[in-house]
Amino acid sequence: MKRLLLSTVFLFLGLTVFSQNFDAFQYRTIGPNRGGRVTTVTGTPMLPGTFYLGASGAGVWKTDDYGTTWKNVSDGFFKTPSIGAIEVAQNDPNIVYVGTGSDGIRSNIINGKGVYKSIDAGKTWTHIGLENAGQIGAVEIDPTNSNIVWVAAIGNAFKPNEERGIYKTMDGGNTWEKVLFVSNETGFADLELLPGNPNVVYAAAWKAQRTPWTIISGGDNKEGGIYKSVNGGKDWVKLEDGLPKGLIGKIDLAVSPTDSSILYAVIEAPGKEGGVYKSVDQGKTFTQTSCNEGLVNRPFYYTNIELDPTNPDIVYSNANPLLKSVDGGKTWKRMSVPHGDNHDIWLNPNNPDLLIQCNDGGANVSHNGGKTWSTQFNQPTAEIYQVAVDDQYPYWVYGAQQDNTTIAIPSSAPTASGPQGTQIMMDVGGCETGPAIPKPGDPNVVYNNCKGRFSVFNKLTGTDREYSIGASNIYGHNPKDLKYRFQRVAPIHVSPHDPNVVYMGSQYLHKTRNDGQIWETISPDLTANEDDKQVISGSPITRDITGEEYYSTLYSIRESKIKEGLIWTGSNDGVISVTQDGGQTWSDVTPKKLPNGGRVESVEPSQFDPAKAYVAVDRHLLGDEKPYIYKTEDYGKNWTVLSTEANGIPSDHTTRVLREDPKTPGLLYLGTEYGMFISFDDGKSWKSFQQNLPITPITDIILHRGDLILSTMGRGFWILDDVSAIRDSKITALGEEPVLFKPEDTYRYRSPWGSGDFPNYPSTSVSIDYYLPQDYKNGVSIEILDSDRNTVATIVSDSTQLKSTKESVEDMGLSMVFEYVDTKLETKKGINRFAWDLRQKGAWNSNKSRSYKNGPMVLPGTYTAKLTVDGKSTEQTFDILMDPRLEREGVSQEMIQEQLALQNKVNDLLSEARKFQDSLEKKIKETKDKAEKEALENVLKSIKNDDGAYPQQMMVAQISYLSNILGGSDKKPGNEEVQRFKELQQQFQAVKQKVNL
């Protein structure tokens, strides 16, 4: 009976917390504001400055100013960030259709979720079906009727599915008809409508599937090729004359808008059969114009051909590189673009020199036919594989961007004077795959991996020293012949017990104590290593071995923080191993009920119990999207499943990463293919922790100095500042009483004012989280007390609450009491957050909205937050910590205290002088006597600046200037500042004696 009662209480607590939302806890992005992989682009001739891009993991973005700025338009509407095709109606730019699921089927592509439609140029979207069509290669709108739309569905990239085929809607997406189907293994990469007669349709069939160990692109001739319908899809014929007769792979099509008899196709086929084919009779016959290898370079990933809309002899091929032909596809020249790996191009039919092109670095617009391009440093769409942090103040965030470089970015403004909106980042060695791991205790040293090659980067010299295990280039090899198999994102892990000990994984676990100069292998093969998976990748036509396809390698490594030598590993073919003696003996502890072959994305040793660990396994590359999360409490002998259909994680949310909170046992954070989840009960139940995060895969999670830091596969890095309230046990028992959570200790950084969206660097503040059991119209306030219980600031939620204190504030204008209204002090039911800016009272100002604001920062020390709701108060203490950089510089607490004392005196003088000026101006208006008025005006001129350009700075402005000098940085006040204050004080007293106010 007692056990039943406890279970009931626990269930009640779980329901209580899960009835709350977490909207008060908002993530912020720190970029990078550098473009990631874009798979499709389009424009509209009716609005020449308007373009759309579709990214592989960042959704749909729109520009109205020729690519100068981009704005996401799919967030909040799309179930997936993966975009395959975008089409705008020719006769109405408000009508836009989007097919989700990018067509370049890499191992890290994100599944499509059907088709979306907008009738207001992307402001809002409606899902219109084909949920299970997988990756979508093309969308075409009938130019005579925008309700008639065609879709080419490649299908699920990782398994056969019946939804592959060509679809057509006649009613704007209300209903769909599959008008062409080959098999559950063959979908369609492209389709084109004949200009002038949209009932004539061409479609390109493609047999394609991705596995973790190989890429299937193409098949027998009957499994691919080009199909044509002349009656709107009712009947189809296969075009064959002049086309490859044997194996055939991915195909892309282009029909000339100026001569509809001309049809081009770029075709993946064996040897010299691959290349560009041209028909001048609407597909009855074809002639190969070129077998240039650059046209079919990595066809599963590229393969896009486009025509100049005014000249059928000008042809563009998007692959690696971007090629252009001006003689009908016979000869080709390379075009220069901002980034390699090209995917799509769109040219304005009214002016083909105005075009947009996309690649793995983003989208770029040209006004001169591709001679120059718009920037890609305005698209925060980076695909980041992992996240790490250093121990600087403020800390920096590290990762590797797909098809770009490793990067390090400050978590907040790194200086007190730099402009907030400026992106600061640096390449820290290695390459696009990472990881990039800063050395604990020395952020100038960064450990790297580049596609399996280990290196050590030194920021001070800019040198990247490679010490690869095996010292052998493994690219292009059959994995069964390799001594060491490394995934292109091979894991690196620094021991939490010794920053000089670094681990790296091939199929073995390797260890170095001297930055890679000497490596030792401390394990046997820790993978399944099935013979039939150790094959040359790419079949049956194109060989493709870049490291993504190396199977049976280690994918995750973690050493326990509480027990040295306790190391867990996970492989990308589903094996979980553990050693408790630093690698002398190993145990295969893979859960018996875990299906074989999944990628162990993360292993997470508990930070409270050495026998406990968590694993997250991803099987979506095997066609299984279900989440797999397990927990052990006996070193892997037994496992508990933490991902069931009923515990809060949707069945298609593949798990990417799980991390345990370092301060609160049982508090878990989970990153999935489509967002964040949190558990307060050690994984028994989960709740969405998405808030304002865009839908995109969460690739890694780290908790550092009270912050939750994420990397994503399409939207860069995000930070949720201060999770102290989440860690508080009271959050699982919120009821009918207000709750004030204990604020996190906060470093007293001098940072500039808050920035814009990218990067989002906030000004320094203390996050004060509180819970209200109901909505309140008024009666909510927060008071900040110093260690002597003196009030530093009082914040209220509405102006009516100031009425009772307004007079006292005026009377005590020179005291330290500071009361003000801030509309961000929420009074709504649920959890709320207020950011106190560490400021005490500033100088008085005749502008009420500025009066007493922006005062000096308070001293480091212990403070108390006091929440009052309907007359009842509750308190929590917290510390404001000195910036460690100041201590290293020699700035002491005593110096800052001396500075603050002088600041307060100067602000008091400034308040008094401004009030004197205000009273003097009022008296001048009231004075009728001309001589008296003139005398008063002369006094006013001695303290107030004249109007106009470059006026002489008079007394009030000089006091304000001194205040700014003192408040700009932490320091011991200079003698000149002390003397200047005395001078201004004397001058003001002398002026006051001239007027009787």
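To start, this report covers the structure provided alongside it. (Residues numbered from 1 in each chain as written. Predicted model: local features only at pLDDT ≥ 70, side-chain atom pairs only at ≥ 80, totals over all residues. Heavy atoms only, no water.)

## Some remarks on empty space enclosed by the protein
- Per the counting criterion, the structure on display carries 5 cavities of 30 Å³ or more.
- Considering only enclosed or pocket space, the largest cavity measures out at about 90 Å³ in volume.
- If you trace the largest cavity, you find it lined by P212, Q487, E548, Y551, N572, G597, G598, R599, D618, R619, L621 and L622.
- Here the residues of the lining of the largest cavity sort into 4 nonpolar, 4 polar and 4 charged.
- Looking at the second largest cavity, the residues that line it are A58, G59, S74, D75, G76, F78, T80, P81, I695 and R715.
- Its residues assigned to classes, the lining of the second largest cavity shows 4 nonpolar, 4 polar and 2 charged. (1 Å grid on protein atoms, 1.4 Å probe; cavity = no way out; pocket = protein on both sides within 12 Å on 5 of 7 lines; lining within 4 Å. Points joined across faces, edges and corners; volume = space filled by probe spheres on them. Nonpolar A, V, L, I, M, F, W, Y, C, P; charged D, E, K, R; others polar.)

## Description of the pattern of salt bridges
- One pass over the structure, following the stated rule, counts 44 salt bridges.
- Residue K207 is joined to E223 by a salt bridge in which the shortest nitrogen-to-oxygen separation is 3.0 Å. Of this pair, K207 sits in strand β15 (residues 197-210) while E223 sits in the loop between β16 (215-217) and β17 (225-229); the two residues are 16 residues apart in sequence, bridging distant segments of the chain. For the pair K207 and E223, a shared accessibility class is recorded, and that class is buried. (Salt bridge = Lys/Arg side-chain N within 4 Å of Asp/Glu carboxyl O. Helix = DSSP H or I, 4+ residues; strand = E, 2+ residues; numbered from the N terminus. Buried < 20%, exposed > 50% of the residue type's maximum accessible area, 1.4 Å probe, protein only.)

## Concerning the environment of A85
- With respect to the element layout, A85 can be found in strand β6 (residues 83-88).
- A residue is classified by how much of its surface remains accessible, and A85, at 6% relative accessible area, is buried.
- For the pair A85 and K439, spaced 354 residues apart in sequence, the C-alpha separation works out to 43 Å.
- With residues near it in sequence (within four places) discarded, A85 still touches T40, Y97, V98, G99, I136, G137, A138 and V139. (Contact = heavy atoms within 4.5 Å.)

## Points about the pairing of strand β8 (residues 115-118)
- Covered by surrounding structure in β8 are V115 and K117 together with Y116 and S118, the residues of both alternating faces.
- Across 4 bridges, strand β7 (residues 96-100) lies against β8 in antiparallel orientation. Looking across to β8, one finds that V96 is bridged to S118. (Pairing = 2+ DSSP bridges.)

## Digging into the sheet that holds strand β59 (residues 766-772)
- Strands sit in the order β57-β59-β63 across an open sheet of 3 strands; the sheet is antiparallel. The open sheet is flanked by β57 (739-740) and β63 (830-836), the only strands paired with a single partner.

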